[in-house]
Amino acid sequence: MNVDLDRFDSRRSTVYANRGMVATSQPLAAEAGVSILREGGNAFDAAVATAAALNVVEPTSTGLGGDVFALYRTADGEVGAMRSCGSAPADASIETVTQALEGTDDLERYYPASRGYAVDGDASGDDLEMPFLGPHAVTVPGTARGWEATVKELGRKTLGEVLQPAIRYATEGYPVSPVIAYYWQGAEDLFRDGHAREAYLFDGESPDPGQTVTLPRLGESMQQIADEGADAFYEGSIADAIVEEIQSAGGFMTHDDLADFEPEFIEPVSTTYSGAEVYELPPNNQGLIALEALNVAEEIGAGEHDYDSPDRVHAFAEATKLAFVDGHHYVTDPEYEAIPPLADKSYARERARAIGETPIQDPAVGVPNANAEDSDTVLLTVGDEEGNLVSYINSRFAGFGSGLVAGETGIALQNRGASFSLDPAHPNSLEPGKRPFHTLVPAIAKLDEDDWMAFGVMGGYMQPQGHVQVLSNIVDYGMDPQAALDAPRWRYREDGTLGVEERLPNAAKLARRGHDVSVLPPVMFGGAQLVRRRGDTLAGATEPRKDGNPIGY
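Residues numbered from 1 in each chain as written. Predicted model: local features only at pLDDT ≥ 70, side-chain atom pairs only at ≥ 80, totals over all residues. Heavy atoms only, no water.

### So, the overall build of the protein chain
Check the secondary structure of the protein chain and you find 19 helices and 19 strands. Here the protein chain has a C-alpha radius of gyration of 22 Å; the compact-globule value for 553 residues is 24 Å, and the two agree. Projected onto the principal axes, the alpha-carbon positions of the protein chain cover approximately 60 × 55 × 45 Å. Expressed as a percentage of the 553 residues in the protein chain, the buried residues total 65%. Of the contacts made within the protein chain by residues no fewer than 6 positions apart, 73% connect residues no fewer than 24 positions apart. Accessible area for the protein chain stands at about 18,800 Å²; split by element, carbon and sulfur atoms hold 43% of it. (Helix = DSSP H or I, 4+ residues; strand = E, 2+ residues; numbered from the N terminus. Rg over C-alpha atoms; globule rule 2.2 N^0.38 Å. Buried < 20%, exposed > 50% of the residue type's maximum accessible area, 1.4 Å probe, protein only. Contact = heavy atoms within 4.5 Å. Areas by Shrake-Rupley, 256 points an atom, 1.4 Å probe, with all protein chains shown as cover.)

### Observations concerning the nonpolar core
Ranked by size, the top nonpolar core spans 87 residues in total, and within it Trp147, Tyr200 and Tyr392 carry the most contacts. When residues of this core are assigned to their parent elements, the largest contribution, twelve residues, is made by helix H2 (residues 43-57). Val331, Phe437, Leu504 and Phe525 belong to the second largest nonpolar core, which has 56 residues in total. (Core = buried A, V, L, I, M, F, W, Y, C linked by side-chain atoms within 4.5 Å.)

### Points about the pattern of salt bridges
Under the definition given, this model contains 26 salt bridges. We note a salt bridge from Asp333 to Arg435, for which the minimum N-O separation is 3.0 Å. Linking Asp333 in the loop between helix H15 (310-330) and helix H16 (345-352) with Arg435 in the loop between strand E11 (389-397) and strand E12 (443-448), this pair joins segments that are 102 residues apart in sequence. Judged by its relative accessible area of 1%, Asp333 is buried. Note that Arg545 and Glu501 form a salt bridge whose closest N and O atoms lie 2.8 Å from each other. Of the two residues, Arg545 sits in the loop between strand E18 (537-542) and strand E19 (549-552) while Glu501 sits in the loop between strand E15 (498-500) and helix H19 (507-512), which places them 44 residues apart along the sequence. Taken together, the shared-partner salt bridges in this structure form one network comprising Arg83, Glu264, Asp333, Glu335 and Arg435. (Salt bridge = Lys/Arg side-chain N within 4 Å of Asp/Glu carboxyl O.)

### Let's talk about helix H17 (residues 462-475)
Residues spaced three or four apart along an α-helix face the same direction, because each turn holds 3.6 residues. Taking 1.5 Å per residue, 14 residues should reach 20 Å; H17 reaches 20 Å between its end C-alpha atoms and fits that length. In terms of residue burial, H17 counts as a mostly covered element, since 13 of its 14 residues are buried. (Expected span 1.5 Å × (residues − 1).)

### A look at unusual backbone geometry
The omega torsion across Pro283 and Asn284 is 25 degrees, close enough to zero to call that bond cis. Mapped onto the fold, Asn284 is located in the loop between strand E9 (276-280) and helix H14 (287-299). We note that Ser274 has phi near 50 degrees; this positive angle belongs to a residue other than glycine. Inspection of the secondary structure assignment puts Ser274 in the loop between strand E8 (269-273) and E9. Ser274 sits in the partly exposed class, given a relative accessible area of 37%. Even without being glycine, Phe397 reaches a positive phi, approximately 90 degrees. Note on placement: Phe397 falls in strand E11. By relative accessible area, which is 1% here, Phe397 ends up buried.

### Remarks on the sheet that holds strand E16 (residues 517-519)
Within a sheet, adjacent strands bond to each other through the backbone by hydrogen bonds, running parallel or antiparallel. Pairing within the open sheet is mixed, and its three strands lie in the order E14-E15-E16. Both edges of this open sheet fall to strand E14 (490-492) and E16, since each of them pairs with a single strand only. Along the sheet, successive strands turn relative to each other by an average axial angle of 25 degrees, direction set aside. Where E14 meets E15, three bridges bridge the pair, whose relative direction is antiparallel. Looking across to E15, one finds that Arg491 is bridged to Gly499. In this fold H15 packs onto E14 and E15, with an angle of close to 35 degrees to the strand it touches most, E14. (Pairing = 2+ DSSP bridges. Axes fitted to C-alpha atoms, helices over the stretch in contact; angles between N-to-C directions.)

### Re the pairing of E18
Of all six residues in E18, five are buried, a share of seventy percent or more. Note that strand E1 (residues 15-17) and E18 share three bridges and pair antiparallel. Its bridge partner lying in E18, Val15 is registered against Gly540. In this structure, the hairpin formed by strand E17 (residues 527-534) and E18 is closed by a connection of two residues, where Gly535 is found at a positive phi of approximately 65 degrees.

### Remarks on the environment of Glu502
Locating Glu502 in the fold gives a position in the loop between E15 and H19. Given the relative accessible area of 61%, Glu502 is considered exposed. In the structure, Glu502 is positioned 14 residues away from Pro488 in sequence and 8.0 Å away in space, judged by C-alpha atoms.

### Remarks on the packing of H14 against H17
Between H14 and H17, the shortest axis-to-axis distance is 8 Å and the interhelical angle comes to 45 degrees. In terms of orientation, H14 lies oblique with respect to H17. Like other packed secondary-structure pairs, H14 and H17 cross with a definite hand, here right-handed. Every residue of H17 that contacts H14 at Ile289, Ala290, Ala293 and Leu294 is listed here: Pro464, His467, Val468 and Leu471. Its residues placed into classes, the contact of H14 with H17 shows seven nonpolar, one polar and no charged. (Parallel < 35°, antiparallel > 145°, perpendicular 65-115°, else oblique. Left-handed = near helix turned anticlockwise from the far one by under 90°. Nonpolar A, V, L, I, M, F, W, Y, C, P; charged D, E, K, R; others polar.)

### Regarding the packing of aromatic side chains
Two numbers describe a pair of aromatic rings. These are the distance of the centres and the angle of the planes. Counted by the stated rule, this structure contains 14 aromatic pairs. Ring geometry for Phe44 and Tyr72: centres 5.4 Å apart, planes at 85 degrees, overall edge-to-face. On the criterion of sequence distance, the pair formed by Phe44 in helix H2 and Tyr72 in strand E3 (residues 67-73) is long-range, its members being 28 residues apart. As far as burial versus exposure is concerned, Phe44 and Tyr72 are alike and both buried. Each residue in the set Trp184, Phe191, Tyr200, Phe202 and Phe400 is aromatic and connected to the rest through ring pairs, giving one cluster. (Phe/Tyr/Trp six-rings, centres within 6.5 Å; stacked < 30°, edge-to-face > 60°.)

What follows is the structure, given as structure tokens:
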């Protein structure tokens, strides 16, 4: 069954409630989170329950084989962050990966031409980029221990309790929603081996919208983690299956790589924009890109233009372009490379001098991996009656990730290592034990003394520029939460084009100004979720370009 995703015409309203709110991209997952709130859990418990449910009902964008991050504001006013992303294996280096690639006759396995990815010439070192698929793209997954740390440090319930809704969906079945069915079709070509095809295809085919499916292997793995804790993933039989899957395909991950992993609670980075204080994740995530773009945009008065004016889009797009130039060059694992103060106002003042009436041409945005531009993710936001707010993001990077599923576990393994560079001079070059440039960025903003919101916009390199647009819609133009997400978007592309939605006003004037404008379908503009707390009232909004909805009570 074909699904037309080129338009969305349904009207949505901001959802209001007092006791709890969950907003995400699939209604059954939002319901899972609300069920935990009703049973006495707090926003952090509900976030993990929702993320776990999304692993089952939206497996095209997230999974236990990926990473997870959080930005949050607790009821007592603390703003904090959690980073749970793994590194390259200890035996993975530019030399070992390059040698492995030069020794293969099946480059299509790693650089699928069907996805627009190709390597020029033979498999020799100068021609190679980091593989987009396959065992060398797999980094240590952070999700299981990240979930466990979230509920242990910040929640009220146990990991086993919050995993139950996801386990029920996996074992008892659920009907697939339309956008997710559309993305599931890619698995038919991606999955080559029996483990993957048996876990996620049904008689060799992806499911249609409304078709009820079960994922029993994934459900069994989740139940094992519920019973034994995250150690089952990193040190038990699940770990055995992960190592066997990767090594049998020629990769380097070991039991020690998995067992040594631990999540981190870290300090967010922040700036102010139009009176709002905005918190993002520090490197190795791309939160600094969003903050630099906001600072440059504020310096040039981007939000002072009329909303429908092409001057507004030009100013914000140019600010974002400069932030991408810096972020895609400098952002990497801070334990390996020093990173300039990209979020400083003084730095933004210097960068803003490059912006004029016409677009900056050929700004040398050196993306870590071109295929990452439109990668898939899930984002969820939760608020509870106590005042806790959390923005939570969980991903395998590109859809079903590397194309590998670990044995009989039903766990698809991420391809986050594709973000590394094989150029030893690049700050984000592959090194043993190093974490790659990471796209995932949840966000928190303080709009006033008693007015906070958890938000984010999933979707590869759309994420920071989505943050800029949603925040500006609210603080510069006074939109309510749902209107801020409904508004037509633009996005600067790696190839230098300015992608716009068909509904964006005055796009032709942007072209006349010198922008290389291309009209893209709505699914190319990310997936935003937002929960805002003003006083004792929670407001929820969801991405109209996805399947989800906010649920409050």
